[in-house]
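Listed below are the residues making up each chain.
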Amino acid sequence: MPATPRDPAEIERHLAAFRRGAVDLIEDKQLAAMLAKGRPLRIKFGMDPSSPDLHVGHSIPLLKLRDLQQLGHQIVLIVGDATAMVGDPSGRNKLRPTLTASQVQQNLETYVEQAALVLDMDKTEVRHNKEWFGELDFGGLLRLCGRMTVAQMLERDMFKKRMAANEPIGIHEFLYPLLQGWDSVMVKADVEFGGTDQLFNLLAGRNFQEQEGQRPQIVLTTPLINGSDGRKMSKSYGNAIQLTDAPADMFGQVMAVTDDVMGTWFELLTRIEPAEIEQLLAGHPREAKARLGKAIVATFHDEAAAEQAAQAFTNQFAKKQLPDDIPEVSIPDLPDIFLAREQEDGPPGTNLGRLLEYALKHADLARSNSEVRRLFKDGAIKRIIQEDGVTREEVVQYYEAMRWDDLLPGDGEIYKVGKRRYVKLRRSW
């Protein structure tokens, strides 16, 4: 059935969804002409499973894709199980190592599940680029490499900087823009989304489509955002809010961001109307941040979870109350590893540090003994003391926690880890 042309008001509504938070839009007039024809556009977005988790910075294009999906456009999600093995060199000034097939597969298992927190996967076309690159023979790879010259590749700003700094560039890194660009040919994309650091790769796809006689895709880039500490959001910096974070953790991390980023976060991570955002930013920063936190939590969980997270935060920090859902770690028998050897100057005791290592790992508050020891050294582990209706915190010093003593932690003793996490020790000995 032929598409029904859209009227000017409807075209403008679709354009507004494309433009919100966009940095580059190439070409705006071409996009308007395509929208006028009334057919759903094939909108491509690629995700390389180069790490196991996605954070809210990754959700910026996903939220735009959801807006356009709700307007009737076809989302084509490219899961880059082939390109991830090459590794996207965007934003890197060091030679990027390649991932193994097993590493990619492990990360792949979580990606579509996390994308489903935003997109309607029943209406999303999911493609794995190993589907075509897995069948590419050596001759095909040579022909693909012949589509771009070394001079053209070195026009990329990131490669220019690395050359100027005498930083190494692997030949395999040159392959990445070629592979991403060829994805667009294979799925016949009308539009491709990517971060600002992806512009070169997106334009490569546009050029390859022209070479193949296809209509060149519209290129749209979205900005990268900083994490809570002002640096680029990254799991390696410890400043990223993961899409799978619990509501309370997600809300608390939003409340920790600096005031100057709120405007950007409101625009990119929520769908609150601009007039309301302006009003919120003109008011008290704490109230604006709480509204931002609830909007973000509601996106990845639901409204009820957002309200509960906000109330829990208020109780904990404004009213100085402990949270109701402190995880408990029960240790029915004191493991031998915690028992001190008999000492000349006192009876056997327990090593509190090792006990806490055990408890924090079992409560998923730390991944390793070394991480627990780092938390100790940073003063991030505190004992909660409640006396005469007053709650106070006492930093547990590393040397105190590590020494042998004859005092066992009391049953129900609570420890705080960082700013928002707690664990309660339960014992039966």
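Residues numbered from 1 in each chain as written. Predicted model: local features only at pLDDT ≥ 70, side-chain atom pairs only at ≥ 80, totals over all residues. Heavy atoms only, no water.

*Asks:* How would you explain the overall build of the chain if you had to name every residue and give the values?
*Replies:* Scanning the chain for helices and strands turns up 19 helices and 13 strands. In the chain, 71% of the contacts between residues at least 6 apart in sequence involve partners at least 24 apart. Summed over all atoms, the accessible surface of the chain reaches about 21800 Å², with 50% contributed by carbon and sulfur. (Helix = DSSP H or I, 4+ residues; strand = E, 2+ residues; numbered from the N terminus. Contact = heavy atoms within 4.5 Å. Areas by Shrake-Rupley, 256 points an atom, 1.4 Å probe, with all protein chains shown as cover.)

*Asks:* Describe the pairing of strand S3 (residues 74-79), with residues and values.
*Replies:* Along a regular strand, successive side chains alternate from one face of the sheet to the other. For S3, a buried count of five out of six residues is recorded, marking the element as mostly surrounded by other parts of the structure. Across six bridges, strand S2 (residues 42-47) lies against S3 in parallel orientation. Among the inter-strand pairings, arginine 42 is bridged to a residue of S3, identified as glutamine 74. Judged from the five bridges that link them, S3 and strand S4 (residues 124-128) form a sheet pairing that is parallel. Along S4, the bridge assignment pairs valine 79 with histidine 128. (Buried < 20%, exposed > 50% of the residue type's maximum accessible area, 1.4 Å probe, protein only. Pairing = 2+ DSSP bridges.)

*Asks:* Could you give an account of the sheet that holds S4, with specific residues and numbers?
*Replies:* Two pairing modes exist for strands in a sheet, parallel and antiparallel, and in both the strands are linked by backbone hydrogen bonds. Pairing in this open sheet of six strands is mixed, and the strands run S1-S6-S5-S2-S3-S4 from one edge to the other. Where the open sheet ends on each side, the last strands, each with one partner, are strand S1 (24-26) and S4. Strand-to-strand twist in this sheet, taken as the mean axis angle between neighbours without regard to direction, amounts to 20 degrees. Judged from the five bridges that link them, strand S5 (residues 191-195) and strand S6 (residues 218-222) form a sheet pairing that is parallel. Bridge pairing in S6 places valine 191 opposite isoleucine 218. Sitting on the sheet, helix H3 (residues 59-70) touches S2, S3, S4, S5 and S6, and the angle it makes with S2 is about 155 degrees. (Axes fitted to C-alpha atoms, helices over the stretch in contact; angles between N-to-C directions.)

*Asks:* An account of unusual backbone geometry is needed here, citing residue identities and associated values.
*Replies:* Cis geometry marks the peptide bond from isoleucine 26 to glutamate 27; its omega dihedral reads 0 degrees. Note on placement: glutamate 27 falls in the loop between S1 and helix H2 (28-36). The phi dihedral of asparagine 166 falls on the positive side, at around 55 degrees, and the residue is not glycine. For asparagine 166, the position within the fold is in the loop between helix H9 (157-164) and helix H10 (171-187). We note that lysine 188 has phi near 50 degrees; this positive angle belongs to a residue other than glycine. With respect to the helices, strands and loops of the structure, lysine 188 is situated in the loop between H10 and S5. We classify lysine 188 as exposed; its relative accessible area is 53%.

*Asks:* Tell me about the side chain of aspartate 81, and name the residues and values.
*Replies:* Structurally, aspartate 81 can be placed in the loop between S3 and helix H4 (83-86). Of the side chains with opposite charge, lysine 130 lies nearest to the buried aspartate 81, which makes no salt bridge, at 5.8 Å. (Lys, Arg positive; Asp, Glu negative; His and termini not counted. Salt bridge = Lys/Arg side-chain N within 4 Å of Asp/Glu carboxyl O.)

*Asks:* Kindly report on the nonpolar core, identifying the contributing residues and their values.
*Replies:* With 60 residues, the main nonpolar core has Phe18, Leu31, Ile43, Phe193, Trp265 and Ile296 as its most contacted residues. Broken down by element, this core gets its largest block of residues, eight residues, from helix H15 (residues 285-300). Setting aside anything within four residues of it in sequence, one finds tryptophan 265 in contact with Ile225, Asn226, Met233, Ile241, Val254, Val257, Thr270, Leu292 and Ile296. By size, the runner-up hydrophobic cluster in this structure holds 21 residues, among which are Ala82, Trp132, Met158 and Tyr176. (Core = buried A, V, L, I, M, F, W, Y, C linked by side-chain atoms within 4.5 Å.)

*Asks:* Tell me about the packing of aromatic side chains, and name the residues and values.
*Replies:* A full pass over the atoms with the stated rule returns five aromatic pairs. Centroid distance phenylalanine 159 to phenylalanine 174: 5.1 Å. Interplanar angle 80 degrees. Geometry classified as edge-to-face. With phenylalanine 159 in helix H9 and phenylalanine 174 in helix H10, this pair connects stretches of sequence that are 15 residues apart. Here the two residues phenylalanine 159 and phenylalanine 174 agree in accessibility, since each one is buried. With a centroid separation of 5.5 Å and an interplanar angle of 65 degrees, the aromatic rings of phenylalanine 251 and phenylalanine 313 are classed as edge-to-face. Note that phenylalanine 251 is positioned in helix H12 (residues 247-255) and phenylalanine 313 in helix H16 (residues 303-318), a separation of 62 residues in sequence. In this arrangement the basic side chain of arginine 147 is found over the ring face of phenylalanine 208, its NZ or CZ atom lying 5.9 Å from the centre. For the cation-ring pair, arginine 156 lies above phenylalanine 159, with the distance from its terminal atom to the ring centre recorded as 5.7 Å. (Phe/Tyr/Trp six-rings, centres within 6.5 Å; stacked < 30°, edge-to-face > 60°. Lys NZ or Arg CZ within 6 Å of the ring centre and 35° of its normal.)

*Asks:* Provide a residue-level description of the pattern of salt bridges, including the pertinent values.
*Replies:* Inspection of every chain in the model, using the stated rule, returns 18 salt bridges. Between arginine 215 and aspartate 190 there is a salt bridge; the shortest N-O distance is 3.4 Å. With arginine 215 in the loop between helix H11 (199-211) and S6 and aspartate 190 in the loop between H10 and S5, this pair connects stretches of sequence that are 25 residues apart. The exposure class assigned to aspartate 190 is buried, which follows from its relative accessible area of 7%. In this structure, the salt-bridge partner of arginine 374 is glutamate 371, at a minimum N-O distance of 3.9 Å.

*Asks:* Let's hear about the confidence of the model for the chain: which residues, and what values?
*Replies:* In the predicted model, the chain carries a mean pLDDT of 82, and 82% of its residues have values of at least 70. Of all secondary-structure elements in the chain, the lowest mean pLDDT belongs to strand S11 (residues 404-405), at 48, while S6 reaches the highest, 95. Every residue in residues 340-349 scores below 50 in pLDDT, and together they form 11 contacts with partners more than four places removed in sequence or on other chains. (pLDDT = per-residue confidence, 0-100.)

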